[in-house]
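# Tertiary structure, described
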Amino acid sequence: MKVLLTGGAGFIGRHVHHQLLAEGHEVTVLDSFRPDVHSERPAPRDDLIIGDVRDPRTFEGIDTVVHLAAKVGLGVHLDDIDDYVSSNSLGTAVLLKSLGSIRNLVYASSMVVYGEGRYDCDVHGPVAPGPRRSEDLDAGRFEPPCPYCAAPLRPGFVTEDAVLDPRNAYAASKLNGEHLAAVWARETGGRVTALRFHNVYGPGMPRNTPYAGVAAIFRSMLERGETPRVFEDGRQRRDFVHVRDIATAVTLSASALPQQPAFTAYNVGSGTVSTIGQVASELARAYDGPEPIVTGQYRLGDVRHITASSDRIKHELGWKPAYDLPTGLADLLGAAAD
Ligand code: UD1
């Protein structure tokens, strides 16, 4: 394949780039090297376009686009809201308009499009709890109750057909990108696969930025000799998936596109549920650092539990994650200079 890889200089992008080249594909990277993420710009190269996806352009000799370029993170201030929409929604829209005769697109989406994960009530079956109320969070009531009878709920695995309910600016902009790509596919006869990534970790994770995911934040703290601070009660559930497993999901999806329908969504997670408290402790042990503290603080845009079933990509594309958390953390520790 001749692949255009947007965001190819980012954390996930560099691993995807490596994997595409290893599989023998030709890759052109488009990356803006935004200064809030990259401290320096590389020298010009034939296989690198330094530029913003929001700038219209034409692409020659490309058959498949992998669109990773995005402003990531939860949204630290509401002030960021227009930058999320501009970087992610407008960025995707301009890219789609620039695709010309290209018909194959892999779009990096996120588990955050679901909002809260799947929950079951013993009485009411599957239910969709709304956003948590600050008075409950202030009182340490972190678990969302059944919206009908307020009973405790059992968290489960969300599947791709679940209701989509983004809860923050980043999530809303990522879902908007999925919708725009689906419109593009319908109108052009193209095909898009949206990969809804779980919490990605591994070598090359961003450092020292409040926009990073929790694993990167904990690692930076441990490297500075600080104690990781676990929010809520530490029992919120996530799935941490290794960045090299993400890279194989992307390349498999890109190769499969010609056989796919107009729009496909796949969850991409390791399949193993971890609590944030557990991950903090495992990382602290791995770095021989101080035992994490559970602070009871919360972030209003956070969901309580989100874990997904990745059975669909396993069955349809034969994807299989290679890393469990202990192996992945050992790999992270081994990658000293990332
Ligand atoms: C994360 C990513 C999101 C990605 C999604 C995929 C970020 C900021 N979020 O969302 O981009 O699409 O996974 O599923 O990159 N926490 C602490 N201590 C801290 C920081 C966070 O305990 O210092 C807690 C949070 O309150 C939350 C959990 O860790 O409960 C996960 O936080 P985080 O990784 O930021 O966000 P996700 O919602 O999982």
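Data block above holds the structure.
Residues numbered from 1 in each chain as written. Predicted model: local features only at pLDDT ≥ 70, side-chain atom pairs only at ≥ 80, totals over all residues. Heavy atoms only, no water.

Secondary structure summary: the protein chain contains nine helices and 16 strands in total. Computed over its C-alpha atoms, the radius of gyration of the protein chain comes to 20 Å, within 12% of the 20 Å expected for a compact globule of 338 residues. Overall size of the protein chain, expressed as C-alpha extent along the three principal axes, is 55 × 45 × 40 Å. Across the 338 residues that make up the protein chain, the buried fraction comes to 51%. Put simply, 79% of the contacts in the protein chain that link residues at least 6 apart link residues at least 24 apart. (Helix = DSSP H or I, 4+ residues; strand = E, 2+ residues; numbered from the N terminus. Rg over C-alpha atoms; globule rule 2.2 N^0.38 Å. Buried < 20%, exposed > 50% of the residue type's maximum accessible area, 1.4 Å probe, protein only. Contact = heavy atoms within 4.5 Å.)

In this section: the layout of surface pockets. The computed volume of the second largest pocket comes to approximately 270 Å³. What lines the second largest pocket is a set of 17 residues, among which Gly 117, Arg 118, Val 127, Ala 162 and Val 163 lie closest to the centre. Here the lining of the second largest pocket is built from residues that sort into ten nonpolar, two polar and five charged. (1 Å grid on protein atoms, 1.4 Å probe; cavity = no way out; pocket = protein on both sides within 12 Å on 5 of 7 lines; lining within 4 Å. Points joined across faces, edges and corners; volume = space filled by probe spheres on them. Nonpolar A, V, L, I, M, F, W, Y, C, P; charged D, E, K, R; others polar.)

Attention shifts here to the side chain of Thr 92. Mapped onto the elements of the fold, Thr 92 is located in helix H2 (residues 81-98). There is a polar contact of 2.7 Å between the side chain of Thr 92 and the backbone oxygen of Asn 88. Setting aside residues no more than four positions away along its own chain, Thr 92 makes contact with His 67, Tyr 107 and Gly 177. (Polar contact = N/O pair within 3.5 Å; in protein donor to acceptor, adjacent residues only side chain to side chain.)

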